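Spelled out, the chains give:
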Amino acid sequence: MATIRPRVKAPRKAAPGDVVEIKTLINHGMESGQRKDKDGNPIPRQIINKFVAEFNGTEFFSVDLAPAISANPYLSFYAKVQESGEFTFRWHDDDGSVYEDSKSIEVA
Amino acid sequence: AVMTGMTLFPALAIADEGAVNDAIKSMVGEVPAEGGVSLDLPEIAENGNTVPLSFEIDAPMGDDVHVTDVMILADGNPSPDVAVFHFTPMSGKAAGSTRLRLAGTQNVIAVAQLSDGSAMMGKKQVKVTIGGCGG
Amino acid sequence: MGLRRAAAQQTLTQDDLLRFDPLGQVTLLHVTDVHAQLMPIYFREPSVNLGVGEVEGKPPHITGADFLARFDIPKDSPECYALTNVDFTALARTYGRVGGLDRLATLVNAIRAERPGNTLFLDGGDTWQGSYTSLQTNGADMVKAFNALKTDAMTAHWEFTYGQDRVMEILDGELDFPFLCGNVLDTMWEEPVFESTRMFERGGVQVAVIGQAFPYTPIANPSHLIPEWSFGIRPDTVQEHVDNARANGAEVVVLLSHNGFDVDRKLASLVDGIDVILTGHTHDALPREVKVGKTLLIASGSHGKFLSRLDLEVKGGAVTDYRYRLIPVFSDVITPDPDMAKVIADLRAPYEAECTRVLGQTDDLLYRRGNFNGSFDDLICQALLAERDAEIALSPGFRWGATLLPGQDITVDDVYSMTSITYPNAYRQTMSGEMLKTIMEDVADNIFNEDPFYQQGGDMVRVGGMGYAIDIHKPMGQRISDMTLLSTGEPIDPTRDYVVAGWASVNEGTEGPPIYDVVSNYIEKQGTVSVPENSSIKIKA
Ligand SMILES: [Mn+2]
Ligand SMILES: [Mn+2]
């Protein structure tokens, strides 16, 4: 299985009060729990069920994901930035794993 | 024009209105009238396994009144749940996008909950087709 | 040829075709859906072109005598021949062939000479596909031909069927002008793949041209050829491009579109600030503009048969007047441009012997365009049934392909004009009656859905060995009835499996001989083909 690696596109610079767009992707099969294998046995569900975005330690955006979200889940959203700092992004897997990425932004 | 080894039957997926309405009511109390939500999906899906969706709620994102949650539902999937987006004033804009699986032609619905208790809704039909036969 | 040329020239001259009282500062010239036709051909306009919902009975959903009445065109006139199917065979013998890029070059060059610095020549796409030579050269012949025509910009649809890598290779070094597709995004980050807009200064006026590729390319054609590109109508994106163009000083905004006419008519009502939509894809030829609000819609036909000329007067940053003419490219009355004639001869030289090889003759008029089976489609279905030993044949409802007159030779060129695609394999498989019904209903909804944004812009799938009835006004799933296996006269049984042959599957890895070989072999065996009138499709419109 491929290593699970999140990817994020976010601007490096912005002006105070700007609303910036952030795009995220993570390679993950999003196994829905509704498919069967060759022998007819159900394949257990394993999805990314939650995504959380923080800025300088404060959670400002999150998403609860259901099995209807496509493989390699893509999410884009916005953030209003007033000062420089760091975004942290976390993807929570059904199996308990948490994948994390971060991006810093200079606001001036 | 026509696929070989076709696995997809794009007949109209059976809408489970009960499940959809229950989900909406559990979130916002009553089913809101349509409006205030711009919901962008292709009219015809290029691939039912990954259908791009984006939305934007026409509402302020101030500290007093703002959008807190946006629920996405698909009325023809085995389960209507797709995702719930949670916003704060720091989001700046109640907008987002993702990609979803659609089991057949059906409606996709977005319901927004605001901090003042009001709600908004948008709906769009997406056709999932066999394809072929272009001009 | 000599006699025919004389007959055409008795009623028409090149000067008649070019006659135009110039207006304003900007002359837009438009061709679209040339489908790789370098040479003059015959092309019969449809006898059946049904519209549903709001567009029922509106242009372009008018044909034959109704079309003549609507546009005040005399019967048997050159316009009657060019724009309708009325008395087609007889009028074709009088007025001759149409198109040919050397003739088109003559017209374009003459207008450019008359309006130097004012003229913009735009191509609506479906240019690189549709012939033996375009298939052999992966579109290079048409790229060279349109470079030689000094095209200012193009958009695209069938171009994409050469695959993502080939398209990029052409853009990287072969194409001399912009390839504008503002509605194509990459599937990973949803960011633009191509340039959307190009600004041109003509006659002191800033003209923005925005390109709109065929929105349903990955559905109508194999998505595996363009796995990283996503299309769509994207009205909000079009509005953004228009607003940006205006902000950048555009006084005229042109959408060079491959949406199809009904989609463009709806788009024009949703997007503000477009002056002109040069429509394409649905191959409609309309002698007059259609106006939606302030937006002019122009429909320039297909196969190089027409050149549209639209003159615009611009004052104070707005279009204040216009004049339009749809110019039929009557091959026999236009002197070929010698430079372009040489370009074409050079492009064809390596393939000329094969292209002109005669496979057989036809007793009947062979054409495709129309909502349901054309006679060339019936011939393809005959070939599939015979060569692939099938009970039922399915053939795609493409809108391209030249017409052959009764008594004409059928050459390799003619077969490729109807079959030249990059996914040509003629499959043979079993399908249940239920699946056949599902396919028929699905395709019917792609044509007759009341909302044009849910249509794909092709025609109905052609069938051989099977009859059916269709009620175009019914909803999805209820349009098709009375499906009958013609060999037995029995109704199609939903639970029975039928042996079906077809081509142009959008699925990767489809196996079978290429359709052009299947059809060529069949014609060679027949010697002379005859295609009786198709009476097995009952249409309730
Ligand atoms: Mn075309
Ligand atoms: Mn097309």
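Residues numbered from 1 in each chain as written. Chains lettered and ligands numbered in written order. Predicted model: local features only at pLDDT ≥ 70, side-chain atom pairs only at ≥ 80, totals over all residues. Heavy atoms only, no water.

The name given to chain A in an unreviewed UniProt entry is Thiosulfate oxidation carrier complex protein SoxZ, with Roseospira navarrensis as the source organism.

## Description of the interface of chain B and chain C
Reports of interface size often rely on the accessible area that becomes lost once the parts have come together. Counting residues at the interface gives 25 residues for chain B and 53 residues for chain C. For B:Arg99, the salt bridge is made with C:Glu190, and the minimal N-O distance between the two is 2.9 Å. Counting every contact that joins chain B to chain C gives 11 residue pairs in polar contact (both at pLDDT 80 or more). For the side of chain B that touches chain C, the per-class residue count stands at 12 nonpolar, 8 polar and 5 charged. (Contact = heavy atoms within 4.5 Å. Salt bridge = Lys/Arg side-chain N within 4 Å of Asp/Glu carboxyl O. Polar contact = N/O pair within 3.5 Å; in protein donor to acceptor, adjacent residues only side chain to side chain. Nonpolar A, V, L, I, M, F, W, Y, C, P; charged D, E, K, R; others polar.)

## Remarks on the coordination of the manganese ion (ligand 2)
Coordination angles at a metal have ideal targets, namely 109.5 degrees for four tetrahedral donors and 90 or 180 degrees for six octahedral donors. Residue and element names in this part refer to chain C. Here the manganese ion (ligand 2) is held by the protein donor atoms Asp126 (OD), His157 (ND1), His258 (NE2) and His281 (ND1), which lie 2.2 to 2.3 Å from it. Donor residues for the manganese ion (ligand 2) sit on one chain with the sequence pattern D-x30-H-x100-H-x22-H. Using a relative accessible area of 0% as the deciding quantity, one classes His157 as buried. Among the residues examined, His258 registers a relative accessible area of 0% and is labelled buried. (Donors = N, O, S within 2.8 Å, 3.2 Å for Na, K, Ca; no water. Buried < 20%, exposed > 50% of the residue type's maximum accessible area, 1.4 Å probe, protein only.)

## Some details on the packing of helix α15 (residues 375–387) of chain C against helix α18 (residues 515–526) of chain C
All names here are of chain C. Relative to each other, α15 and α18 sit at 90°, their axes nearing to 9 Å. Taken as axis vectors, α15 and α18 run roughly perpendicular relative to one another. Contacts from Phe376, Leu379, Ile380, Gln382, Ala383, Leu384, Ala386 and Glu387 in α15 reach Ile515, Val518, Val519, Asn521, Tyr522, Ile523 and Lys525 in α18. Across the contact of α15 with α18, the residue classes break down as 11 nonpolar, 2 polar and 2 charged. (Axes fitted to C-alpha atoms, helices over the stretch in contact; angles between N-to-C directions. Helix = DSSP H or I, 4+ residues; strand = E, 2+ residues; numbered from the N terminus. Parallel < 35°, antiparallel > 145°, perpendicular 65-115°, else oblique.)

## Re the interface of chain A and chain B
Taken together, the contact between chain A and chain B spans 28 residues of the former and 24 residues of the latter. Of the roughly 2,100 Å² buried between chain A and chain B, counting both surfaces, carbon and sulfur atoms make up 52%. When the buried surface of chain A facing chain B is broken down by residue, A:Ala68, A:Tyr74 and A:Tyr78 rank first, second and third, together holding 25% of it. The interface formed by chain A and chain B includes 0 salt bridges. On inspection of chain A and its partner chain B, the count reaches 18 residue pairs in polar contact (both at pLDDT 80 or more). Among the elements of the structure, β3 (18–26), β4 (48–55), β5 (58–65) and β6 (74–81) of chain A are those that each provide at least two residues to the side of chain A that touches chain B. Tallied by class, residues from the side of chain A that touches chain B come to 18 nonpolar, 6 polar and 4 charged. Examined bridge by bridge, β5(A) and strand β4 (residues 81–87) of chain B share 5 bridges and lie antiparallel to one another. (Buried area = accessible area lost by both parts, 1.4 Å probe. Pairing = 2+ DSSP bridges.)

## Thoughts on the environment of C:Trp128
Residue and element names in this part refer to chain C. Residue placement: Trp128 occurs in the loop between β2 (119–123) and α7 (132–136). For Trp128 and Gln37, which are 91 residues apart along the polypeptide, the C-alpha to C-alpha distance reads 9.2 Å. Leaving out residues up to four positions away in the same chain, Trp128 has contacts with Ala36, Ser134, Gly139, Met142, Val143, Met154, Glu159, Tyr162, Ile170, Leu175 and Phe179.

## Details of the sheet that holds strand β17 (residues 427–432) of chain C
Residue and element names in this part refer to chain C. Spatially, the 4 strands line up as an open sheet ordered β17-β22-β15-β18, and their pairing is mixed. Edge strands, defined here as strands with exactly one partner in the open sheet, are β17 and β18 (462–464). Pairwise comparison of adjacent strand axes, ignoring direction, gives a mean angle of 30° for this sheet. In terms of strand pairing, strand β15 (residues 392–395) meets strand β22 (residues 497–502) through 3 bridges, oriented parallel. Along β22, the bridge assignment pairs Ile392 with Val500. On the sheet, α15 packs against β15, β18 and β22 and is oriented at approximately 135° with respect to β15.

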